[in-house]
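Report on the structure
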Amino acid sequence: MEEEQSRRPAGEPAEEPGPAPEPECKNEDRVEDPEDPASTAGNGNSISSLEQPLLKRSTTLTASHLAIVGAKVSHIESLDYEIIENDLFKHDWRSRSNVEVLQYIFLKWAMAFLVGLLTGVIASVINLAIENITGLKMLHMVNLVRSGRYWAGFLYFAGVNLALTFSAAVLCVVFAPTAAGPGIPEIKAYLNGVDTPNMFGAPQLIVKIIGSIGAVSSGMDLGKEGPLVHIGACLANLLSQGGEGRWRLRWRWLRYFNNDRDRRDLITCGASSGVCAAFRAPVGGVLFALEEVATWWRSALLWRTFFSTATVVVVLRGFIEVCRDGRCGMFGEGGLILFDVSNVTVRYHVGDLLPVTLVGVLGGVLGALYNHVLHQVLRLYNLINAKGRCAKLALALSVSILTSAGLYLLPFAVPCTPCSAAGAAGETCPTVGKSGNFKQFNCPDGFYNDLASLLHATNTDATRNIFSTGTSGEFRLDSLLIFLAIYSVLGLVTFGIAVPSGLFLPIILMGSAYGRIVALLLARFIHIDHGLYAVLGAAALMSGSMRMTVSLCVIFLELTNNLLLLPITMFVLLIAKTVGDAFNPSIYEIILDLKGLPFLEPKPETWMKDLAVGELAAAKPRAVTLRVVEKVSTVVEVLRATPHNGFPVLDRPRPGVSELHGLVLRQHLMAVLRKRWFLTEKRRTEEWEARERFSSTDLAEKVTDELPQLSPEEMEMYIDLHPFTNTTPYTVVETMSVAKAVVLFRTCALRHMLIIPKFQGLEISPIVGILTRQDLRAHNILGAFPHLANKRKVH
C-alpha cells in the first residue's frame, strides 16, 4: 500500500510481496522500509545500536500494497491525517483573521447539517421507492395466486425480481464496481487511515441509491442499512470537496476542507447519519460511528455527528407525518424499521434467566458460524467475480432466481392456519391488503398463511410482523424453522454479489426467527412475550456476528422505545459478543482481511513487546533522505526510483554534524517541480520567497504522480525544501517496542513514524528508519521474523 516505504520501487513486478532494495545510499547505518526512501543524499556513516539483531530474520520486511477494492486489485495509499507543520502552514494560520476562523467553524457545522439533511431526504426517497415497488409487485403476484394462476404468479414474481436485480447489477458492474456491497468495511479502513480508491465519488453515490432500490425491491435477502451508511459517507465527501473531477467547484471557502483531516470528520458524520436514517436512531448512529467505524475521535466531532443525526431524524419524522395514512402510496407506516413496544410491560422472573442466556449463547455461536461460512463464500465469489463482468452478472441473476423460487414456493409447503388460533388482538385476519401480520395468500377465508406473512412482505414489514407482541400463537414452529433456514442460506449466497447490499436486516431477520423458536420451545418456562424474544434474538445474532454492544444496545432501545428492555438486552449482547469472540473476529474484520485492506487493530499482538522498532527498521531497505537544499536532478531521481510518499530531510548545521530537519511529502515535491520553483544557487530562501508562489491550499491539492519535463539547465538547479518540510514529525527512539509504536501510530493517525538513534554524536545519522502502516501489520512482521510466530501461538 502507500506504505510508501513498504512499496517496491517503480518498475518492479506488482505481484511480488516484498520491497526491492533501494538504490545505493551513502548512509550505511540506515536500513528502512520502502516507505522511508533509501537515501540518495546521505550524511555520514554510523552503526545502529540495534544492528546486531536478537532474533533471526529474513532479508527484508514483507509487505503488499495491493487490495481488492470493488472486486478489482488496486494500489492502496495511506492518508495524511497528521498536521503538516511546515512554514507555509504556520504562516497560513498566523495570518487568518477572526472572521476567517469563525467562517471555518460555521462552515463545518453547515456541512454537518447538509450531510444530515441530504442523507435524510435520500433515505426517505429510497424507503418510498422500495415500499411502492415491492408493494405493487406483491399485490399483483397475490392476485394471480388467488385466481389459481400459480405458474403465472411465479413467472411474474421471478421476472420482476430478475429485472430489478439486473438493473442494480449492471449499474454496479459497468459504472461503479466499488458501489457493490455495504461499503462499511471500506469506510472503517478510510477512517483508520487507508485511502480506499473510488469509494466516495458521485458514480458510487448515484449507483448506490438506484442500486439499493432495485436490489432490495427484488426481494433478495439484503438490506439498505449498509448502503445508507455508504451514501452518507459519499455525500460528506462530495460536499466537503465541492464535487470531483472536472465538475469540482473551486469556491474559495471550500479550500478550508481540502485536507484529509476535515474530510475524515465529515465522512464520520455521514456514516452516523446513514445509520440514523436506517434505524431512526440518532444516538445509536453516533455510537455506531464511535464504536464500529471511527478510529480517531474527539469531543467536537461528537457534537457534530450528533447534530447530523438529529437533522436526519427530523427529516424522517417529517416524511412519516406527510405520508401518514397511506398518502405516499405503499409507504404508510413502513419504510423504516420501527418496533414501538412502549406500551408493553416487561416483567422479569428468575425462570427467564436461563432462556435469555440461551438466546445470548446461541447468538454468539450462530454469529460466529455465520461469519465463518460467509468468509468461505466470499472467497469463492472473489474467484467468480475475477472472471469478468459477465460472470458477475450471471452470479447476481442466479441468486435472484434462487431467491424468487424459495420465497414463492415455500409458503405452499405449510398448511393454512385458522384465524381463531392466531391470537390476533383486533387485527383483521386474514390480511388481504398491502401489509399486515396475517397474509391470506393461497388460503381460504378465515385462514392465513403464517410463512407467507414473512416471505411475501417487504423486509421491514417482515421484521415488524415477526417482532409483533401479543401473537404467541401466530407462527408455527415448522414455519419459523423454514424461515430461518431459507434466510440463512439466502443471506450467505446473496452477500458478495455485484449489487449494493447490507448485512443488518438479514441478520435481524435470522436472529428474530431463532428468538421466536426458543420462545416456542420453552413456552412453558418463560414469562416474556414471544415478540420480545424475537427482539433479543435479533440483537444477540447481530452482536455475535458484528461484535457490537453499546451502539447496538442503544439502537434497539430507540427502536423499541421501551426502557424496561434495556437490562435484558445488555445482558444478551454481552453474552453473545463474549461467545462470538471465542471463535473468530467480527464480520467486518473478516471482510477487511479478505480485501487486503491494511487496517490497524486497536490492540497490538502480545509478542510485539519482544521486538524493538530499531530491529524492524533494520529489516527494511535503507531510508531515502534528502538535504535541506537539494539538487533538482537528485529530487527527480528519488521520485523516479522510489514510490515512497515521505522523505526525511537532513541538515548540516556544521561540518560533521547532521540533524533531522523534518519530513517532506512526495506530493509537496511534485508541487515544487510542477511550479518550477528552482534556485540558480545553493542557498536557503527567505520566508517571503516561498509564500509568493505557494500557499498551504496549493500544497493540499492532490496531484498526479507524473513528473514534469525538465530541461538540462533546470536539472542542475536547486530546491530549498525547508519551507515545505514538516518540522515536527512524530519520532520514536529505536529501543521502543513495536507494541508501543503500534498504539502510538494508530492513536495519532500517523502515516509515517521516524525512528531516531538512542545515541547521538558526530558522524552518527540522526535517522535510523521510517515505519509505515504496512510495516506494523502482524503478518508482515512475521514474514521478517518467523521465530515470533512460535511466541504468537504461545500467547
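Residues numbered from 1 in each chain as written. Predicted model: local features only at pLDDT ≥ 70, side-chain atom pairs only at ≥ 80, totals over all residues. Heavy atoms only, no water.

Examining the UniProt feature "transmembrane region" (unreviewed entry) in the protein chain
Taken from the UniProt record, the annotation "transmembrane region" (unreviewed entry) applies to residues 104-130, 150-176, 266-289, 301-320, 353-373, 393-410, 480-498 and 563-580. Structurally, residues 393-410 comprises 94% helix and 0% strand, and the distance from its first C-alpha atom to its last is 26 Å. (UniProt positions renumbered as here; feature names shortened; annotations may be inferred. Helix = DSSP H or I, 4+ residues; strand = E, 2+ residues; numbered from the N terminus.)

Some points on unusual backbone geometry
Negative phi characterises most residues that are not glycine, and trans characterises most peptide bonds. In this model, Arg 280 sits at a positive phi of 50°, which is unusual for a non-glycine residue. By the element assignment, Arg 280 lies in the loop between α7 (260-279) and α8 (282-293). Given the relative accessible area of 22%, Arg 280 is considered partly exposed. Even without glycine at this site, Ala 749 takes up a positive phi of about 55°. In this structure, Ala 749 sits in the loop between α26 (738-747) and β13 (753-756). Classification of Ala 749 by relative accessible area gives buried; the value is 9%. (Buried < 20%, exposed > 50% of the residue type's maximum accessible area, 1.4 Å probe, protein only.)

Structural notes on the sheet that holds strand β14 (residues 769-771)
With mixed pairing, 3 strands are arranged side by side in an open sheet as β12-β13-β14. If you trace the sheet from one side to the other, it starts and ends with β12 (731-733) and β14, each paired once. Strand after strand, the sheet turns through a mean of 35° between neighbouring axes, direction not considered. The pairing of β13 with β14 spans 3 bridges and is classified as antiparallel. (Pairing = 2+ DSSP bridges. Axes fitted to C-alpha atoms, helices over the stretch in contact; angles between N-to-C directions.)

What to know about the packing of helix α17 (residues 550-560) against helix α18 (residues 566-581)
Helix packing for two helices is described by the angle between their axes and how far apart those axes are. With their axes 10 Å apart at the nearest point, α17 and α18 run at an angle of 145° to one another. Both α17 and α18 take part in a crossing whose hand is right-handed. Here α17 contributes Leu 552, Cys 553 and Leu 557 to the contact with α18, which in turn contributes Leu 566, Thr 569, Met 570 and Leu 573. (Left-handed = near helix turned anticlockwise from the far one by under 90°. Contact = heavy atoms within 4.5 Å.)

With respect to the nonpolar core
Grouped together as the largest cluster of nonpolar side chains are 142 residues, with contacts concentrated most on Phe 279, Phe 483, Leu 503, Phe 504, Met 542 and Met 546. Every residue in contact with Met 546, bar those within four places of it in the chain, is listed here: Glu 292, Leu 503, Phe 504, Ile 507, Ser 586, Ile 587 and Tyr 588. In terms of nonpolar packing, the next biggest core, distinct from the first, is built from 30 residues, Val 629, Phe 694, Met 717 and Leu 721 among them. (Core = buried A, V, L, I, M, F, W, Y, C linked by side-chain atoms within 4.5 Å.)

Structural notes on the state of the cysteines
Evaluation of the coordinates by the stated rule reveals 2 disulfides. Two residues share a disulfide in this structure: Cys 416 and Cys 443, whose sulfurs sit 2.0 Å from each other. Handedness of the Cys 416-Cys 443 disulfide follows from its S-S torsion of about -95°: it is left-handed. Taken as a pair, Cys 416 in the loop between α11 (389-409) and β5 (417-418) and Cys 443 in the loop between β5 and β6 (447-448) lie far apart in primary sequence, 27 residues in all. Cys 419 shares a disulfide with Cys 429; S-S distance 2.1 Å. Note on the Cys 419 and Cys 429 pair: the S-S dihedral is about -85°, so by sign convention the disulfide is left-handed. Of this pair, Cys 419 sits in the loop between β5 and β6 while Cys 429 is found in the loop between β5 and β6, placing the two residues 10 residues apart along the sequence. For Cys 419, a relative accessible area of 17% corresponds to the buried category. According to the relative accessible area criterion, Cys 429 is partly exposed, its value standing at 21%. (Disulfide = S-S within 2.5 Å.)

Focus: helix α15 (residues 504-521)
Its 18 residues place the ends of α15 26 Å apart at the C-alpha level, agreeing with the 26 Å of an ideal helix rising 1.5 Å per residue. Across the 18 residues of α15, 16 count as buried, placing the element largely inside the fold. (Expected span 1.5 Å × (residues − 1).)

Details of the pattern of salt bridges
In this structure the tally under the stated criterion is 21 salt bridges. The salt bridge involving Arg 547 is made with Asp 581; its shortest N-O contact spans 3.3 Å. In this pair, Arg 547 sits in the loop between α16 (530-546) and α17 while Asp 581 sits in helix α18, placing the two residues 34 residues apart along the sequence. With relative accessibility at 40%, the residue Asp 581 sits in the partly exposed group. (Salt bridge = Lys/Arg side-chain N within 4 Å of Asp/Glu carboxyl O.)

What to know about the packing of helix α2 (residues 98-146) against helix α9 (residues 299-322)
Relative orientation of the contacting elements α2 and α9 amounts to 35°, with a least axis distance of 8 Å. In this structure, α2 crosses over α9, and the sense of that crossing is right-handed. Of α9, the residues touching α2 (which contributes Lys 108, Trp 109, Ala 112, Phe 113, Gly 116, Leu 117, Thr 119, Gly 120, Val 121, Ser 124 and Leu 128) are Trp 303, Arg 304, Phe 307, Ser 308, Thr 311, Val 312, Val 315, Leu 316 and Phe 319. Tallied by class, the residues present in the contact of α2 with α9 amount to 12 nonpolar, 6 polar and 2 charged. (Nonpolar A, V, L, I, M, F, W, Y, C, P; charged D, E, K, R; others polar.)

Overview of the pairing of strand β9 (residues 646-654)
Every other side chain in a regular strand lies on the same face of the sheet, so the side chains alternate between the two faces. Across 2 bridges, the pairing between strand β7 (residues 626-627) and β9 is parallel. Residue pairing across strands places Leu 626 opposite Val 649, the latter belonging to β9. Relative to strand β10 (residues 657-665), β9 runs antiparallel, the two being bridged by 7 bridges. Across the sheet, the residue bridging to Pro 648 is Leu 663, located in β10. Once β9 ends, the chain turns through 2 residues before running back antiparallel as β10, passing Gly 656 with a positive phi of about 85°.

Thoughts on a nonpolar patch on the surface
A grouping of Trp 93, Val 101, Leu 102, Ile 105, Trp 109, Phe 113, Leu 114, Trp 303 and Phe 307 is seen on the molecular surface, where their side chains present a nonpolar patch of about 830 Å² in accessible area. Among the secondary structure elements, those contributing two or more residues to the nonpolar patch are α2 and α9. It is α2 that contributes the most residues to the nonpolar patch, 6 residues altogether. Tracing the backbone shows Phe 307 in helix α9. Since its relative accessible area comes to 31%, Phe 307 is described here as partly exposed. (Patch = residues over 30% accessible without salt bridge, like charges linked within 9 Å, V, L, I, M, F, W, Y side chains within 5 Å. Areas by Shrake-Rupley, 256 points an atom, 1.4 Å probe, with all protein chains shown as cover.)

Things to note about the sheet that holds β10
The 3 strands are arranged β7-β9-β10 in an open sheet whose pairing can be described as mixed. A single partner strand is all that each edge strand has here, and the edge strands are β7 and β10. The sheet strands contacting helix α22 (residues 666-675) are β7, β9 and β10, and the helix crosses β10 at an angle near 80°.

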